[in-house]
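Examination of the molecular architecture
Chain by chain, the residues:
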Amino acid sequence: DESTALSRLSPFVESLQPLAAAPPAAFGLVALGDSYSSGEANPPFMQPNTGCDRSVAGAWPQVVARSLHVRMRAFLPCSGATTAALSGSFKSMPAQLSGLAAVNPAPKIVTVTIGGNDLGFTYVLTSCYVSTCSTALAGVEGSFAGGFGARMTAAYAAIRRAAPVANVVVVGYPQIIPKSPITALRHCPWLKDPAEPVLLRKVTRQLDGVLARAASAAGVGYVSTLDALKGHELCTAHSWVKAIGVKGGNSRGHPTAQGQAALAAIVRRYVASHHLTS
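Residues numbered from 1 in each chain as written. Predicted model: local features only at pLDDT ≥ 70, side-chain atom pairs only at ≥ 80, totals over all residues. Heavy atoms only, no water.

Considerations on helix H6 (residues 121-130)
The test is simple: A simple rule labels every residue: compare its accessible area, found with a 1.4 Å probe on the protein chains alone, to the largest value its type can have, and call it buried under 20%, exposed over 50%, or partly exposed in between. The helix and strand labels rest on DSSP assignments: H or I over at least four residues marks a helix, E over at least two residues marks a strand, and numbering proceeds from the N terminus. Think of it as the arc spanned by the lines of direction from the helix axis to the C-beta atoms. Should any heavy atoms of two residues lie within 4.5 Å, those residues are considered in contact.
Buried within H6 we find Phe-121, Val-124, Leu-125, Ser-127 and Cys-128. Taken around the axis of H6, the buried residues stretch over an arc of 160 degrees, which confines them to a single face. Set apart from the buried face of H6 by more than 90 degrees, the exposed residues are Thr-122, Tyr-123 and Val-130. Its buried side turned inward, H6 meets helix H7 (134-145) and helix H10 (195-218).

A closer look at the pairing of strand E3 (residues 109-113)
Here is the rule we go by: Here, strands pair whenever DSSP counts at least two bridges between them.
The element E3 is extensively covered by neighbouring structure, given that 5 of its 5 residues are classed as buried. Along E3, one buried face is formed by Ile-109, Thr-111 and Thr-113 and the opposite face, lined by Val-110 and Val-112, is buried too. With 5 bridges connecting them, strand E1 (residues 29-33) and E3 associate as parallel partners. Looking across to E3, one finds that Ala-31 is bridged to Thr-111. Two elements, E3 and strand E4 (residues 167-171), share 4 bridges in a ladder whose sense is parallel. When the sheet's bridge partners are listed, Ile-109 is paired in E4 with Asn-167.

Considerations on the state of the cysteines
Worth spelling out the cut-off: The term disulfide is used for any two cysteine sulfur atoms that are within 2.5 Å.
Evaluation of the coordinates by the stated rule reveals 3 disulfides. Paired by a disulfide, Cys-52 and Cys-78 hold their sulfur atoms 2.0 Å apart. Looking down the S-S bond of the Cys-52 and Cys-78 bridge, the torsion is -85 degrees, so its handedness is left-handed. Of this pair, Cys-52 sits in the loop between helix H2 (35-38) and helix H3 (60-67) while Cys-78 sits in the loop between strand E2 (72-75) and helix H4 (84-87), and the two are 26 residues apart along the sequence. Both residues of the pair, Cys-52 and Cys-78, count as buried. Two residues, Cys-128 and Cys-133, share a disulfide whose sulfurs are 2.0 Å apart. In this structure, the disulfide formed by Cys-128 and Cys-133 twists by about 135 degrees around the S-S bond and is classed as right-handed. No difference in accessibility class separates Cys-128 from Cys-133, as the two residues are buried. In the protein, the cysteines engaged in disulfides, taken in order along the sequence, are linked 1-2, 3-4, 5-6.

What follows is the structure in structure tokens.
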């Protein structure tokens, strides 16, 4: 009868219905962070530039993307950014996490370098130049003991929530002061005491350890770049870091093109060895 015929035909009819579209596969890279991701000291900068100083092509995340033939989906770092810039507007730019969440289809990789400004590292270097490092470094030590690690864990967890299918890669900061105090004082006479470069390196190692532990606690990847500039730090004869002096503006204390390439090489090896693009 008619009902029997219809029941026999229904599987065939259903097979002709359009299938629900599968969500697009994640691809590409999104970069977040502060001046150590934005490519400060490597103009020209993207326009309009509200002070974020986002390099057009010279920042290490861009170098990584090109070398791996991965599309840069959004380049969101901003010079001077603290972790607050992840969730709120900064320098007239939208919150970085809002920009990340808006990327569609979702990115395969998200990189971030952030936290140095939360500790006031710009103030530390300025203090070292105009007076002494000790008071500013004491403030950083206090921040380490005052919940900085928990703040970074929360920041990385927020990035994971904004991009749940992405591989989040936290990239640490390099040592920008050479191991030899003699070398440091020879090339940077504004350092007043051999103990100052030693303390600066110690604090950077501490920062690297805190960020690595915070990344682990948040369940995201971590890449240490402590030795990326080895032999070419600030205060060396062939530095890959912009000199600190009266001139130079915001570029001071930031990696040059050679420094960006050195950082990119370490991150690229991590991405490739962990098969994050496949």
